[in-house]
Amino acid sequence: MSEAPRETLERALREIEAAGDPEAVDVLRVRYLGRKGLVTAALRSVAALPETERPAAGQAWNEVRRALDGAVTARREALDSASTPADDGFDPTLPGRRPPLGVPHVLMQTLARMIDIFRSMGFAVADGPEVETPHYNFTALNIPEGHPTREEHDSFFLSDSLLLRTQTSPVQIRVMQGSRPPVRIIAPGRVYRRDHFDASHSPFFFQLEALYVDEDVTLGDLKGTLREFARRFFGAEVNMRFRGGYFPFTEPSLELDISCTVCGGRGCPVCKGSGWVEILGCGMVHPNVLRGVGWDPEQVSGFAFGMGPDRMALLRHRIPDIRHLYENDVRFLRQFRRTT
Amino acid sequence: MKIPVSWLAELVPVGEPVELADRLTEAGLESHASAAVPVPPGIVTGRILACERHPDADRLSVCTVDVGEGAPRTVVCGAPNAKAGPVGAVALPGADLGGGLVVAERKVRGVVSRGMLCSERELGLSDNHEGILLLPADTPIGKPLGDVLRGETVLETAPFANRGDLMSVAGVAREVAALQGTRWSPPVPPPARAAAGEWRVEIEDAEDCPRYAGRVVEGVRAGVSPSWIAERLSRAGVRPVMNLVDVTNYVLLETGHPLHAFDRERLRGRTIGVRRARAGESLVTLDGKERAPDPGTLLITDDSGPIATAGILGGASTAVSERTTAVFLEGASFHPQRVRAGSRALRVSTDASARFERGVDPEGVDAALDRAVEILLAMCPGARLVHSVEAGVARPSPRRVTLRNRTIVRLLGVDPGPAVVTRVLESLGFGVTARAEGWDVTVPSFRRDVSIEEDLVEEIARIHGYARIPETSRFRGVAGQTTDVRAEAYWRARAILLSLGLTEVVTPGLVDGEREGALMGADPFFPRPVPVRNPLSADRGSLRCSLSTALAQVLATNRARASADIAVFEVGRVFAPAANGTVDERLRAGMLLAGSGLAAEGALGSKCSDFFDMKGLVEVYVEQFWGVRPRCEGFAPLPFSRARSAAVVGGAPIGYFGAPDDSLRNVFDLPAELPLWIAELDLEAAAVQPGEVWFEALPRYPAVVRDLALVVDRSRRNEDLVAVIVEAGGELLTEPRLFDVYEGAQLAATEKSLAYTLVFRATDRSLTHYEVDHLVERIVRRLERELGARVR
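As the structure is a computational prediction, the values presented were derived from the model and not from experiment. (Residues numbered from 1 in each chain as written. Chains lettered and ligands numbered in written order. Predicted model: local features only at pLDDT ≥ 70, side-chain atom pairs only at ≥ 80, totals over all residues. Heavy atoms only, no water.)

### Some points on the overall build of chain B
- Tallying secondary structure elements over chain B gives 20 helices and 39 strands in all.
- Compactness check: chain B gives a C-alpha radius of gyration of 41 Å against a globular reference of 28 Å for 792 residues, more than 25% above the reference.
- Taken across its 792 residues, chain B has 53% of its residues classed as buried.
- The long-range share in chain B, meaning contacts at least 24 apart out of those at least 6 apart in sequence, stands at 70%.
- If the 92 positive side-chain charges of chain B are averaged to one point and the 105 negative ones to another, these points end up 2 Å apart. (Helix = DSSP H or I, 4+ residues; strand = E, 2+ residues; numbered from the N terminus. Rg over C-alpha atoms; globule rule 2.2 N^0.38 Å. Buried < 20%, exposed > 50% of the residue type's maximum accessible area, 1.4 Å probe, protein only. Contact = heavy atoms within 4.5 Å. Lys, Arg positive; Asp, Glu negative; His and termini not counted. Charge placed at Lys NZ, Arg CZ, Asp CG, Glu CD.)

This is the structure in structure tokens:
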């Protein structure tokens, strides 16, 4: 008797699974679970067993009954849902009417995400003109007369006194001029440089500038801030490397690399085999910049950094060519409809 | 710059090149260690035992080459530099040099050649094909060439613009020593000084050229360089030419000082001048091109006029040649901006100009010349220094900077301690004297980039290691600013347009100004585009003045590629010329609907968008953004079509929407039958500011609803009917809603029918049917009287 419950169960399950219509399932239900069914009879016969065997046998047959009960219900439901009342001609497999979904440009998604992170860290959002004066774009940023970027070769000029900003850094100056420390801002926006289009260059692109000036802001704070940003933007597993850099408006100046998002640092074409990709330039605000807006570099210090949302978008979504961002092929744009 | 690691190792101990490259990179000298180019198999080193003229060919030689096989091989060679003594690279029969060239044993004019002596180009090492590769005489023979060259890793470095001192092997050696905390040994040549004799140097402007020095060496013999020089130059990416030129290039790479060798016999007079070019002057440079330098370009002259462009390119008339027996070696420090200006004007960039543009240390000029003379004398037995001449300041007084420990801690957030500060600065060549709470630091002349305390803090941080600075983020308090109003408007407008189901585009800010300008009319809302003075190309020559054209371009792109059924928007700036030559930046929202662009995705049958789809979008957007229901009235200016467009007004003019003018369709090659609707709205119009949203009590009494179908003349407009209905209906009429428009067989050709649902409601009671009947009757009478309407 000890093997009978299992064998009975297995056979019954096979038969239930093979049943092709609800009627067949019902026949099986009666055969096993009905008042005169096999399982019912077996349960009844448990009473006749010696007292020591009764609990085990009772439990075994009760489990068989529960299992078959479940199997019968499941099979019946499966058969019910498969059978379509075809007589009214309703076809539920026709396509759903999907409401049009607004899709943000992948570059703007990236920028929005960056702004969200910095806002949550207490940075306010600042803005400035795209048509700038050489004073704001160069002089106030400690870029001397005669520096290559001041030349027509590198920058777009409208006249001697107006040019398209080559960086979002002029917003630093405009913000500091109009306030007192502390300032903690980011300034996203478009910038322009006389670079010809190729896979990684465009004459117009976006930048996100950040500036924090207060008493005793340190390079350690800069590193900590960027670590937090990289962790939240790229994920906790990202590695960072600060290395020496050169910008006229910061001293010391650094560049930040992150471990390549495509190969994870093992080396691939995106990182040119180095395992690192550069994502931003940064540093401690140059004392000449602070003095220029009337702030005393003995009293306050600050950090600044500027990063490229275009590049961040390419890295994050593994887009091979920056030109995709400005061609606006709707098939490309709508690939990024699923927000992450 | 390419730096052979073996060269570097002569000056400073170096470990694993890849690790070294990483450390240099982190310290601010971007470096990459690359192994030598792989050499195809089947090429071995072989000593050229003998080299004789081919009996039947003047240009060929027959070499006897020992490749370590016991018996030497005979190899026929056509290279001019083949000679007995050095070790060459021998491709044995069977070696595949690529490009279909497989070496085989063959007869060359009657002599059997059992291999081939290869040039660097044939080996794929460089582009040099002027002669065969010659290795030092002590190179082991019979070894695969790849093994012999493998020891030769090259460090590729890319110094920043302010670090001219790193553009030399010696400069990098100093940096490496500082990073490793080891010593380094710069080459110390014996001073090469002699009487000036008749030689003089005249510098027009000391600022253009702070230092100029010359050495005259007689008894030199022109020829190929010793292999150790030729080889190092090749590995550093500089083509060996001849010994008199190679020596200057060698010293350039080693010390970072560009030198130039003039053929003394070809100089006119004994006075060397340094001055700016004058109008109408020209000279033929070493590359054989006649050049007319800008007046800003600095020239070197002799009695005959210009003989070289200073710091860029030498002149052909005074160039050294195989016949040269005496040279005038020039070393100098030219002003970076002069050289950059000249280099730009002449469109020439050389190893020399690249260094001068970053700044060449005036103090090192003499040592570099001394080094060149040292090598030259060693290369040419019998040569001797006969004159030396100089002008300008040899040792400008050094810059001194006071460094306070407080500044280090304030900027870095950590105190590296006096031992680190002293060690780092001294290892980089700074003079350091401790003083109260800091140091007095003397800046070496080659560090033109260091002038203030903060510069020294950077030196300490980058050499000590940025990785060692602990990460903190101590934000004190709230910064206190809010989001800029413009930025706020930008993000809010985007969010609304996205919620309307449009796809966002980001279009270029630079457009074809001529094309755009021709599409615009006289309306100031669509001004002429502002031109860029120095565009890259005419099709990106102006700042955009309208989003409408930008969106039309997006449509054209998509139509050409896949589908014209799109619904897109952009929020961005457009630019307009303003008073006194400035430029206004206006934040705009643009929308474009084309074909069935806004139809539900996957819906069966595609409904083409029409005027009222766009009108609806505009209305909802404006209500959301400004908090007012806009009026759409009149028509829009070019580039819109007058016939199917309207101005959007919400308290103030906000913008326009409608179909584009045919001129715009033509420019973007958009067919007339393609349904196309565009809107362009200002985000900063002085319209009603959206106020807070306040609760309104929900209606407590039921409404009475009546439908009213009217027949009017076709010229009557919905707006006019509604105005009369609202006025006649009074305050109990809450909303007239148009639910049907009919024209057709059941009406006269001049008539149309408009049907409205009228909802009446009072806030304080239930209305009676009697009251409502009375109101409807009043409405109908007014419509009959004023608009000639009748009830249908």
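### Examining the overall build of chain A
- Assigned secondary structure in chain A consists of 12 helices and 10 strands.
- Considered along the principal axes of its C-alpha atoms, chain A spans approximately 105 × 55 × 40 Å.
- Counting across all 340 residues of chain A, residues that qualify as buried make up 54%.
- Summed over its atoms, the accessible surface of chain A is roughly 15,400 Å², and 51% of this surface lies on carbon and sulfur atoms.
- If the 42 positive side-chain charges of chain A are averaged to one point and the 45 negative ones to another, these points end up 5 Å apart. (Areas by Shrake-Rupley, 256 points an atom, 1.4 Å probe, with all protein chains shown as cover.)

### Thoughts on the nonpolar core
- In this structure, L226(A), F305(A), M307(A), L8(B), L403(B), M591(B) and Y621(B) are the most contacted members of the largest nonpolar core, which totals 207 residues.
- Excluding residues within four positions of it along the chain, L8(B) makes contact with I3(B), V14(B), L20(B), L155(B), V169(B), V172(B), A173(B) and V176(B).
- Grouped together as the second largest cluster of nonpolar side chains are 27 residues, Y212(B), A308(B), L346(B) and V389(B) included. (Core = buried A, V, L, I, M, F, W, Y, C linked by side-chain atoms within 4.5 Å.)

### Here's the deal with the interface of chain A and chain B
- Between chain A and chain B, the residue contacts involve 98 residues of the former and 87 residues of the latter.
- Between chain A and chain B the total buried area reaches about 7,700 Å² when both faces are included, carbon and sulfur atoms providing 52% of it.
- A salt bridge links E130(A) to R573(B); the shortest N-O distance between them is 3.3 Å.
- Put simply, chain A and chain B have 41 residue pairs in polar contact (both at pLDDT 80 or more) between them.
- No other element matches the 7 residues that helix α8 (residues 219-234) of chain A contributes to the side of chain A that touches chain B. (Buried area = accessible area lost by both parts, 1.4 Å probe. Salt bridge = Lys/Arg side-chain N within 4 Å of Asp/Glu carboxyl O. Polar contact = N/O pair within 3.5 Å; in protein donor to acceptor, adjacent residues only side chain to side chain.)

### Here we look at the side chain of R355(B)
Residues and elements named next belong to chain B.
- The residue R355 is located in helix α9 (residues 351-358) in this model.
- Put simply, R355 is tucked away with no salt bridge, and the nearest opposite charge, on D351, sits 4.3 Å away.
- Beyond its immediate chain neighbours, meaning those up to four positions away, R355 contacts M1, M167, L252, L253, G256, P258 and V360.

### Structural notes on the sheet that holds strand β18 (residues 298-302) of chain B
Residue and element names in this part refer to chain B.
- Strand order in the open sheet formed by 5 strands is β12-β15-β18-β19-β20, and the pairing between neighbours is mixed. Edge positions in the sheet fall to β12 (200-203) and β20 (313-314), since each has one partner strand and no second.
- In terms of strand pairing, β12 meets strand β15 (residues 271-276) through 4 bridges, oriented parallel. Considered in β15, the bridge of R200 is made with T271. (Pairing = 2+ DSSP bridges.)

### Describing the packing of helix α5 (residues 106-120) of chain A against helix α10 (residues 309-317) of chain A
All names here are of chain A.
- The interhelical angle for the contact between α5 and α10, taken along N-to-C directions, is 105 degrees, at an axis separation of 9 Å. Relative to α10, α5 is oriented roughly perpendicular. Across the interface between the two elements, V106, L107, T110, L111, R113 and M114 from α5 touch P309, D310, M312, A313, R316 and H317 from α10.
- In terms of residue class, the contact of α5 with α10 is made up of 7 nonpolar, 2 polar and 3 charged. (Axes fitted to C-alpha atoms, helices over the stretch in contact; angles between N-to-C directions. Parallel < 35°, antiparallel > 145°, perpendicular 65-115°, else oblique. Nonpolar A, V, L, I, M, F, W, Y, C, P; charged D, E, K, R; others polar.)

### Topic: the confidence of the model for chain B
- The predicted model of chain B has a mean per-residue pLDDT of 90, with 97% of residues at 70 or higher.
- Among the scores for the predicted complex, ipTM is 0.79 and pTM is 0.79. (pLDDT = per-residue confidence, 0-100.)

### Examining the state of the cysteines
All names here are of chain B.
- Overall, the coordinates contain 0 disulfides over all chains when judged by the stated rule.
- Left without a disulfide partner, C51 is nearest to the cysteine sulfur of C63, which lies 3.8 Å away.
- Judged by its relative accessible area of 26%, C51 falls in the partly exposed class. (Disulfide = S-S within 2.5 Å.)

### A short note on the side chain of R163(B)
Residues and elements named next belong to chain B.
- Considering the arrangement of structural elements, one finds R163 in the loop between β11 (154-158) and α5 (169-180).
- On the basis of relative accessibility, which here comes to 7%, the residue R163 falls in the buried class.
- Among the polar contacts listed, one links the side chain of R163 to the side chain of D165, at a separation of 2.8 Å.
- A polar contact of 3.2 Å, which involves the side chain of R163, links it to the side chain of E175.
- Once residues lying within four places of it in the same chain are set aside, the contact partners of R163 are E175, R447, D449 and R462.

### Some points on the sheet that holds strand β4 (residues 162-164) of chain A
Residues and elements named next belong to chain A.
- An order of β2-β4-β3 is seen for the 3 strands of this open sheet, with the pairing classed as antiparallel. Each of the sheet's edge strands pairs with one partner strand only, and the pair in question is β2 (131-132) and β3 (157-159).
- Across 2 bridges, β2 lies against β4 in antiparallel orientation. The partner of V131 across the bridge, within β4, is L164.

### Quick notes on the packing of aromatic side chains
All names here are of chain A.
- This model, assessed by the stated rule, comprises 26 aromatic pairs over all chains.
- Here the aromatic rings of F118 and F229 are separated by 4.7 Å at their centres, their planes lie at 5 degrees, and the arrangement is stacked. Here F229 lies in helix α8 and F118 lies in helix α5, a separation of 111 residues in the sequence.
- Classification of F118 by relative accessible area gives buried; the value is 0%.
- Judged by its relative accessible area of 1%, F229 falls in the buried class.
- Each member of the aromatic cluster is reached from another via a ring pair, and the members are F118, F123, Y212, F229, F233, F234, F303 and F305.
- Here the guanidinium or amino end of R316 rests over the ring plane of F233, the centre of that ring lying 5.2 Å away. (Phe/Tyr/Trp six-rings, centres within 6.5 Å; stacked < 30°, edge-to-face > 60°. Lys NZ or Arg CZ within 6 Å of the ring centre and 35° of its normal.)

### Observations concerning α9(B)
Residue and element names in this part refer to chain B.
- Among the residues of α9, those classed as buried are A352, S353, R355 and F356. Buried positions in α9, seen along its axis, are confined to an arc of 160 degrees and lie on one side of it.
- At the exit of α9 stands G359, carrying a positive phi of roughly 105 degrees. (Arc of directions from axis to C-beta.)

### Brief notes about helix α13 (residues 453-464) of chain B
Residue and element names in this part refer to chain B.
- Over its 12 residues, α13 extends 16 Å from the first C-alpha to the last, a length consistent with the 16 Å expected when each residue adds 1.5 Å.
- Counting buried positions over the 12 residues of α13 gives 12, a clear majority of the element.
- Of the residues making up α13, those classed as buried are E453, E454, D455, L456, V457, E458, E459, I460, A461, R462, I463 and H464. (Expected span 1.5 Å × (residues − 1).)

### Examining the pattern of salt bridges
Residue and element names in this part refer to chain B.
- Enumeration according to the criterion identifies 76 salt bridges over all chains in this entry.
- Residue D370 pairs with R215 through a salt bridge whose shortest N-O separation is 3.2 Å. Within this pair, whereas D370 is found in helix α10 (residues 365-379), its partner R215 is found in strand β13 (residues 211-218), the two being separated by 155 residues in sequence. Each of the two residues, D370 as well as R215, counts as buried.
- The partner of R765 in a salt bridge is D764, with the nearest N and O atoms 3.3 Å apart.
- Classification of D764 by relative accessible area gives exposed; the value is 52%.
- Each of R163, D165, E175, R447, D449, E459 and R462 takes part in a single network of salt bridges with overlapping partners.

### With respect to the pairing of strand β7 (residues 240-244) of chain A
All names here are of chain A.
- In terms of burial, β7 is largely enclosed, as 5 of its 5 residues are buried.
- By the bridge criterion, 5 bridges tie β7 to strand β8 (residues 250-259) in an arrangement that is antiparallel. Residue pairing across strands places R241 opposite D257, the latter belonging to β8.

### Quick look at unusual backbone geometry
- The amide bond that connects P181(A) to the next residue, P182(A), takes the cis arrangement and shows omega of 0 degrees.
- Residue E251(A) is joined to P252(A) through a cis peptide bond whose omega torsion reads -5 degrees.
- Here D216(A), not a glycine, exhibits a phi torsion of approximately 60 degrees, which is positive.
- As for its placement among the helices and strands, D216(A) is situated in the loop between β6 (204-214) and α8.
- Judged by its relative accessible area of 39%, D216(A) falls in the partly exposed class.
- At R347(B), a position not held by glycine, the phi torsion is positive, near 55 degrees.
- With respect to the secondary-structure elements, R347(B) resides in the loop between α8 (336-346) and α9.

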